[in-house]
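Below are the chains, spelled out letter by letter.
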Amino acid sequence: MSDEQFVRLFGPGALDVVDDKEDPFSGLVFFRSAPGGGKTTLLRMMLPRPLELVVSLREDQQVKPTFDVLNNLGAVDENGANLLGAMISFSTEYQDLAQIDRGNGLFRSLLNSRIVIATLRSLLDQSGRLYPDDLNTLRVTWEPESGATVPASASGTELFEWASEIERNFYDTMDDLGEPDELQGGHTRLDSLKWFARARMFDGRGEVRSRRILLFDELQFLDNTQRKSLINLVTNAREPCGIWIAERLDAMSHQDLLTEGALEKRDYESVIQLETQWSGKRSSGFTRFAEQIANLRASKADGFEGESFSL
């Protein structure tokens, strides 16, 4: 589905799950549900292209309710998007890596590279430029700690090459392996998280001052040790940016639920279980949300143009 189709069919009632948060774009928030519960949809809406389309199409009667909700949340205003979202979606390849990656150093290396690449893509999307053609229009500077891996000052092209080299070395190593052997090495820290939160970023128009939110999707595809490592890293970092993590509820063990529930509010903002949120809003919020989706999709169906669907 194209970004414009996605925006036109987005039901703004989906954002009701964060409407009671004082600031949903600050701190660490978990979204959990069964498959198809809407986690990826929520994360995708926080990316630059959908947000910018919501602003440009705000006079369209199908899109205006979405603009109004996002405007109230502070994600957009009439001048454009106020968020810079970068999304990393996990896949089963990470589980394969876990079999040979002693200490998760290679996992951190790969994640560092992918956060940087996702950020570069989002910067170009937000400025209306092409990825990767216009990487040379970007520059990012920050003050790294001793031993940090991400360059202190680099153009978008240089950062892309830095991240691509990590990817190439990773896949070359995997291709060279015969029987799986344990590997050592890799990055000791998730430097790209601090870089994402604190770096000064410049595109062709000047410094990018949007608030930042890092979006991790499909966490259930990680090996258990990788998942715990990532959660520990982002929880302990406490960086000045938003972090949304989406995963299937069936990936959670009973012990995980108990442990993370005990730490809620101390180490992270909240866990939002989508089915539980909707069950508490059955009489109003959920019905309104379902009607929005039904009406938007019916209006696009052959023979139903301009019609509404009544539940």
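Residues numbered from 1 in each chain as written. Predicted model: local features only at pLDDT ≥ 70, side-chain atom pairs only at ≥ 80, totals over all residues. Heavy atoms only, no water.

(A) Main features of the environment of Leu111. In this fold, Leu111 is placed in helix α6 (residues 105-126). Relative accessible area serves as the criterion here: at 1%, Leu111 is assigned to the buried category. Counting along the chain gives 80 residues from Leu111 to Asp191, while the straight-line C-alpha distance between them is 9.6 Å. In this structure, Leu111 is in contact with Ile88, Phe90, Leu190, Ser192, Phe216 and Leu230, ignoring residues within four places of it in sequence. (Helix = DSSP H or I, 4+ residues; strand = E, 2+ residues; numbered from the N terminus. Buried < 20%, exposed > 50% of the residue type's maximum accessible area, 1.4 Å probe, protein only. Contact = heavy atoms within 4.5 Å.)

(B) Unusual backbone geometry, seen in detail. Here the bond from Tyr131 into Pro132 is cis, since omega is 0°, no more than 30 degrees from zero. Mapping Pro132 onto the fold places it in the loop between α6 and β5 (139-141). Its identity is not glycine, yet Asn104 carries a phi of approximately 65°, on the positive side. By secondary structure assignment, the location of Asn104 is in the loop between α5 (93-98) and α6. Owing to a relative accessible area of 10%, Asn104 belongs among the buried residues under this scheme. Its identity is not glycine, yet Arg238 carries a phi of approximately 50°, on the positive side. With respect to the helices, strands and loops of the structure, Arg238 is situated in the loop between α9 (224-237) and β10 (242-248).

(C) How the structure looks around the packing of aromatic side chains. According to the stated counting rule, one finds eight aromatic pairs in the structure shown. Between Phe90 and Phe216, the aromatic rings sit 6.0 Å apart at their centres with planes inclined by 15°, giving stacked as the arrangement. Taken together, the residues span a long stretch of sequence, with Phe90 in the loop between β4 (83-89) and α5 and Phe216 in strand β9 (residues 211-217) at a distance of 126 residues. For Phe90, a relative accessible area of 3% translates into the label buried. A relative accessible area of 0% places Phe216 in the buried class. (Phe/Tyr/Trp six-rings, centres within 6.5 Å; stacked < 30°, edge-to-face > 60°.)

(D) Region of the structure containing the nonpolar core. Among the nonpolar cores identified, the biggest contains 48 residues, and Phe90, Trp195, Phe216 and Leu230 are the most heavily contacted of them. At 11 residues, α6 tops the list of elements feeding residues into this core. Sequence-distant contacts of Leu230, defined by excluding residues within four places in its chain, comprise Phe90, Phe107, Leu111, Leu190, Phe216, Leu219 and Leu222. In terms of nonpolar packing, the next biggest core, distinct from the first, is built from 32 residues, Ala14, Phe31, Met45 and Met46 among them. (Core = buried A, V, L, I, M, F, W, Y, C linked by side-chain atoms within 4.5 Å.)

(E) Quick peek at the packing of helix α3 (residues 48-56) against α6. Between α3 and α6, whose axes approach to 8 Å, the crossing angle comes to 20°. Between α3 and α6, the interaxial angle falls into the category roughly parallel. Of the two possible hands of crossing, α3 and α6 adopt the one that is right-handed. Along the contact surface, α3 presents Pro48, Arg49 and Glu52, while α6 presents Ser122, Asp125 and Gln126. A class-by-class count of the residues in the contact of α3 with α6 yields one nonpolar, two polar and three charged. (Axes fitted to C-alpha atoms, helices over the stretch in contact; angles between N-to-C directions. Parallel < 35°, antiparallel > 145°, perpendicular 65-115°, else oblique. Left-handed = near helix turned anticlockwise from the far one by under 90°. Nonpolar A, V, L, I, M, F, W, Y, C, P; charged D, E, K, R; others polar.)

(F) Summary view of the pairing of strand β7 (residues 200-203). Judged by which residues are buried, β7 turns out to be one-sided: Met201 and Asp203 face inward and are buried, whereas Arg200 and Phe202, on the alternate face, are not. As paired elements, β5 and β7 share three bridges and run antiparallel to each other. Across the sheet, the residue bridging to Arg139 is Phe202, located in β7. Hairpin connection between β7 and strand β8 (residues 206-207): a loop of two residues separates the two successive antiparallel strands. (Pairing = 2+ DSSP bridges.)

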